[in-house]
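Descriptive analysis of the structure
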Amino acid sequence: MERKRVLITGAAGFLGSHLCDRFIKEDYHVIAMDNLITGDLQNIEHLFSLENFEFCHHDVSKYVYVPGKLDYILHFASPASPIDYLKIPIQTLKVGSLGTHNLLGLAKNKNARMIIASTSEVYGDPSVNPQPEEYWGNVNPVGPRGVYDEAKRFQEAMTMAYHTFHGLETRIVRIFNTYGPRMRLNDGRVLPAFIGQALRGEDLTVFGDGSQTRSFCYVDDLVEGIYRLLLSDYSQPVNIGNPDEITIGQFAEEIIKLTGTTQKVIYKELPTDDPKQRRPDITKARAILDWEPKVNRADGLKITYEYFKNLPAEALVNKEHKDFTTYNR
Ligand code: UDP
């Protein structure tokens, strides 16, 4: 039987590369697309020799063309850390808006089903906890996170319009904080930041007083939820995340224990608009997808720490290896 064909954008990134692995495992033909601004080919290098895998170096903010039939499109291209939004704000806006529009057009042409990677950031700094899909959010459009949050909110609106106006098959996953192997060590997100600091023998930098909360989902659980949502017939947004909530201060203590570092916690200024609390309400995912996370934080963190510990020494250097300044804005 002919293989189903799936286009994955952001394929060389953290989530994109794990999705490539999953669809290869399910015997799809995978077309992996990435402009490599924040992605890294090392994440998908092991797939290049497969006959049902191909890589396309392309920026989806520009017109996207893919020859042949397409059954599914997974739009996972986007910078995804607060530090990245500061460095490449305009690309962040473009990939969520123009990129999404291009891919929706492609999906319509190919009669493909499209799933977009939305985010808990659509809830902004939420005034309800946990956040159900019905909560409309509390977002500052002109703050440092606005470029990401508003692009993602626009992305949801655009996707829903293609669904209602063109009858396109669409799915919207709202992804909460996720961790695991292949996160970028120096992207500024809290888990790679803490583990990198522990490995380099530096103090762990907690922003604010550490009372803000997050809820961390292991990447395999997230991928399972996305896979189920894509194959479901539900076109409204669905939260996928792990409801096990923890303060960032407690999280730092867990990383200190995990890594056995003798360093201490130091406190730094809280970034502007940093959400005070975040925890997914996953009632819908449970009911519609029969999904819930299976990997607890202790187990997930052990696997993730092993991954970072085994990276080559030069990866540990506390310096972003990408020079963003050369990219077209
Ligand atoms: N954070 C921290 N120290 C760091 C990096 C992040 O205390 O070195 C905090 C950050 O202020 C936020 C939380 O950890 O409250 C999660 O940050 P991250 O950038 O991972 O993602 P966010 O959930 O804010 O998008």
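Residues numbered from 1 in each chain as written. Predicted model: local features only at pLDDT ≥ 70, side-chain atom pairs only at ≥ 80, totals over all residues. Heavy atoms only, no water.

Quick word on the pairing of strand S2 (residues 29-34)
Selection rule: Each residue's exposure class comes from its accessible area (1.4 Å probe, protein chains only) as a fraction of the maximum for that residue type: buried when under 20%, exposed when over 50%, partly exposed otherwise. Runs of H or I in DSSP of at least four residues are treated as helices and runs of E of at least two as strands, each being numbered from the N terminus. In this scheme, strands are said to pair when DSSP sees at least two bridges between them. Looking down the strands as they point away from the viewer, one classifies a crossover as right-handed if the path from the first strand across the helix to the second runs clockwise.
Burial analysis of S2 places six of its six residues in the buried class, which makes it a mostly covered element. Here five bridges tie strand S1 (residues 5-9) to S2, and the two strands are oriented parallel to one another. If you follow Arg5 over to S2, its bridge partner there is His29. Considered for its hand, the β-α-β crossover made up of S1, helix H1 (residues 14-25) and S2 is right-handed. Sheet topology note: the S2/strand S3 (residues 53-57) ladder contains five bridges and is parallel. Its bridge partner being in S3, Val30 is matched across the sheet by Phe53.

Description of the site of the ligand
Using the following cut-off: Nearness is judged by heavy atoms alone; a residue qualifies as near a molecule or strand once a single heavy atom is within 4 Å of it. N or O atoms closer than or at 3.5 Å make up a polar contact, with two conditions inside protein: a donor-capable atom paired with an acceptor-capable one, and, for residues adjacent in sequence, both atoms drawn from side chains. Computed with the Shrake-Rupley method and a 1.4 Å probe, the accessible areas treat only the protein chains shown as cover for residues. Only Asp, Glu, Lys and Arg are considered charged in this grouping, and only Ala, Val, Leu, Ile, Met, Phe, Trp, Tyr, Cys and Pro are considered nonpolar; every other residue, Gly among them, is considered polar.
Taken together, 18 residues sit near the ligand, with Thr205, Phe207, Arg214, Asp274 and Arg278 positioned nearest. At 2.8 Å, a backbone N or O of Val190 approaches an oxygen atom of the ligand. Here Arg278 contributes a side-chain N or O atom positioned 2.7 Å from an oxygen atom of the ligand. Here the ligand, which alone exposes 520 Å², has 95% of that area covered by the protein. Those elements that provide at least two residues to the shell around the ligand are helix H5 (190-200) and strand S8 (204-207). Among the residues making up the shell around the ligand, the classes are represented as eight nonpolar, four polar and six charged.

Some words on the nonpolar core
Note the cut-off: For this analysis, a nonpolar core means a set of buried residues of the types Ala, Val, Leu, Ile, Met, Phe, Trp, Tyr and Cys, connected via side-chain atoms within 4.5 Å. A contact between two residues is defined here by any heavy atoms of the two lying within 4.5 Å.
Ile8, Cys20, Phe23, Val30, Leu74 and Phe76 are the most contacted members of the largest nonpolar core, which has 60 residues in total. Ranked by residue count, the leading element in this core is helix H6 (residues 219-231), at seven residues. Among residues more than four places away in sequence, those in contact with Leu74 are Val6, Leu7, Ile8, Thr9, Leu19, Phe23, Ile115 and Leu230. Membership of the second largest hydrophobic core comes to 22 residues, among which are Ile73, Leu104, Leu106 and Met160.

Considerations on helix H4 (residues 146-166)
Since the α-helix packs 3.6 residues into each turn, any two residues three or four apart lie on the same face. To keep things clear, this is the line we draw: Here the expected length of a helix is defined as 1.5 Å per residue gap, with one fewer gap than residues.
Compared with an ideal rise of 1.5 Å per residue, which puts 21 residues at 30 Å, H4 spans 29 Å between its outermost C-alpha atoms and is within 8% of the ideal. Among all positions in H4, only Gly146, Val147, Tyr148, Asp149, Ala151, Lys152, Gln155, Glu156, Met158, Thr159, Met160 and Tyr162 are buried. Just past H4, the residue Gly167 takes up positive phi, approximately 70°.

Let's talk about the side chain of Thr9
With respect to the element layout, Thr9 can be found in strand S1. A polar contact is formed between the side chain of Thr9 and the side chain of His75, at a distance of 2.7 Å. A polar contact is formed between the side chain of Thr9 and the backbone nitrogen of Ala77, at a distance of 3.1 Å. Apart from residues no more than four positions distant in its own chain, Thr9 is found in contact with Met33, Val60, Leu74, His75, Phe76, Ala77 and Leu103.

Quick word on the environment of Lys87
Relative to the assigned elements, Lys87 resides in helix H2 (residues 82-87). We classify Lys87 as partly exposed; its relative accessible area is 32%.

Structural measurements only, silent on function.
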